[in-house]
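# Coordinates in review
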Amino acid sequence: MGDLPLTEQVLPEQPPLDRLPTLALLRLMNREDQKVVQAVEEALPAIAATVEVVADRLARGGRLFFVGAGTSGRLGAAEAAECPPTFGTPPEMVQALIAGGERALRQPVEGAEDDTAQAQTAVQAAGIGPDDVVVGITASGRTPFVRAALETARARGAWTVALVCTPDAPLAALAHQTITVAVGPEVLAGSTRLKAGTAQKMVLNMLTTAAMARLGRVYGPFMVDLQPTNQKLRTRAQRIVCLLTGASPEAARAALEAAGWRVKLAIVMLRAGVDAATAAAALDQAGGHVHRALARLGVEAEGDG
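Residues numbered from 1 in each chain as written. Predicted model: local features only at pLDDT ≥ 70, side-chain atom pairs only at ≥ 80, totals over all residues. Heavy atoms only, no water.

Put simply, helix H4 (residues 116–125) and helix H5 (residues 144–155) touch, their axes get as near as 8 Å, and they point 35° apart. Here H4 and H5 pass one another in a crossing that is right-handed. Two secondary-structure elements touch here, H4 through Thr116, Gln118, Ala119, Gln120, Val123 and Gln124 and H5 through Pro144, Phe145, Ala148, Ala149, Thr152 and Ala153. Of the residues belonging to the contact of H4 with H5, the class tally is 7 nonpolar, 5 polar and no charged. (Axes fitted to C-alpha atoms, helices over the stretch in contact; angles between N-to-C directions. Helix = DSSP H or I, 4+ residues; strand = E, 2+ residues; numbered from the N terminus. Left-handed = near helix turned anticlockwise from the far one by under 90°. Contact = heavy atoms within 4.5 Å. Nonpolar A, V, L, I, M, F, W, Y, C, P; charged D, E, K, R; others polar.)

If you want it as structure tokens, here you go:
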């Protein structure tokens, strides 16, 4: 059994979970979860290198794809789904390919992770090419669906990334960049929805958030390209505009309405004292970056003083 990937092995001195008192079992899980943060920290240089490429490809019209099976696939799908409401991205900018298709988001699909033909077809159907980045997510680094998807994507010119939890994972051979978060064996042996899944989610959060910050879809600590499609988000948009401009809630709402509820447009209008058309032109010339648009209009951005 020496060829088992790290994520399939048993913790050293593993206590019997079924005989542990509940609090002791939870303390064991919590202790192991603390290893995730350290593992992600050690992978930060690789994550940063990936962010730079992702931001560059997206800026020139490329797309970001997350590919996985089971838990890894669902995590990729969840991350992709969060980008439009959080960062105002078009749905096609960040996408997910999951073994078994949409049905696998809700229930296991027998044999899907071994279906290499489906992986190849999915990559081809998505038209993945040289401007795109494809992140293969697999704890073991061996999942056939992910391997086939990365191999096909790379052959089509895409920049490929292996996000794995096992050192020296076979998937690395197909990747331009490997991100290894070596969290070790799971408390429940082989259940990679635990530490491995937590680590993968943390890395995916970093990839999208940092890339969107590089693209100007973040200003300060705020999501200034959010889509205020309900009352909660409209209230958040109004609060963000108030905090970043010092405007009253009434003035912030008026600016948002004049801006068609585009948060960054309202911010530039209020900070620079210009109308929506002038603010929109400045943002366009600044590539969507609020601080650059303000500089073009002669206004010092927050934190630049």
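Next comes the rest of the write-up.
Once that is clear, we can look at the pairing of strand E3 (residues 133–138). Residues in a regular strand point their side chains to alternate faces of the sheet. For E3, the buried fraction is high: 6 of the 6 residues fall into the buried class. A two-sided burial pattern is seen for E3, the buried positions comprising Val133, Val135 and Ile137 on one face and Val134, Gly136 and Thr138 on the other. Of the strand pairs in this sheet, strand E1 (residues 64–68) and E3 are connected by 5 bridges, and their pairing is parallel. Looking at the pairing, Val67 lines up with Gly136 of E3. (Buried < 20%, exposed > 50% of the residue type's maximum accessible area, 1.4 Å probe, protein only. Pairing = 2+ DSSP bridges.)

Turning our eyes to something else, we now look at the pattern of salt bridges. Here the structure, examined in full by the defined rule, presents 11 salt bridges. A salt bridge links Lys35 to Glu32, with the shortest nitrogen-to-oxygen separation between them at 2.9 Å. Highlighted residues: Lys35 and Glu32, both in helix H1 (residues 22–42), separated by 3 residues, approximately one helical turn. Take Lys35: its relative accessible area is 40%, and that puts it in the partly exposed class. (Salt bridge = Lys/Arg side-chain N within 4 Å of Asp/Glu carboxyl O.)

For the pair helix H7 (residues 231–245) and helix H9 (residues 263–272), the least separation of the axes is 10 Å and the interaxial angle reads 30°. Taken together, the axes of H7 and H9 lie roughly parallel to each other. Of the two elements, H7 crosses H9, and the hand of that crossing is right-handed. Mapping the contact onto sequence places Ala237, Ile240, Val241, Leu244 and Thr245 in H7 and Val263, Ala266, Ile267, Leu270 and Arg271 in H9. Class assignment of the residues belonging to the contact of H7 with H9 gives a composition of 8 nonpolar, 1 polar and 1 charged. (Parallel < 35°, antiparallel > 145°, perpendicular 65-115°, else oblique.)

Read across the open sheet, the 5 strands follow the order E2-E1-E3-E4-E5; overall the sheet is parallel. Of all the strands in the sheet, the pair left with one neighbour each is strand E2 (94–98) and strand E5 (177–180). Across this sheet, the average inter-strand angle for adjacent strands is 20°, counted without regard to direction. Looking at chain direction, E1 and E2 are connected through 5 bridges and run parallel. Residue Val67 lies in a different strand from E2, and its bridge partner there is Leu97. Packing against the sheet, H5 makes contact with E1, E2, E3 and strand E4 (159–164), and its axis sits at approximately 165° to E3.

Turning our eyes to something else, we now look at the side chain of Thr138. The topology assignment puts Thr138 in strand E3. Within the structure, the side chain of Thr138 is placed 2.8 Å from the side chain of Thr143, a separation counted as a polar contact. Excluding residues that lie within four positions of it along the chain, Thr138 makes contacts with Ser72, Thr143, Val146, Leu163, Val164, Cys165, Leu171 and Gln200. (Polar contact = N/O pair within 3.5 Å; in protein donor to acceptor, adjacent residues only side chain to side chain.)

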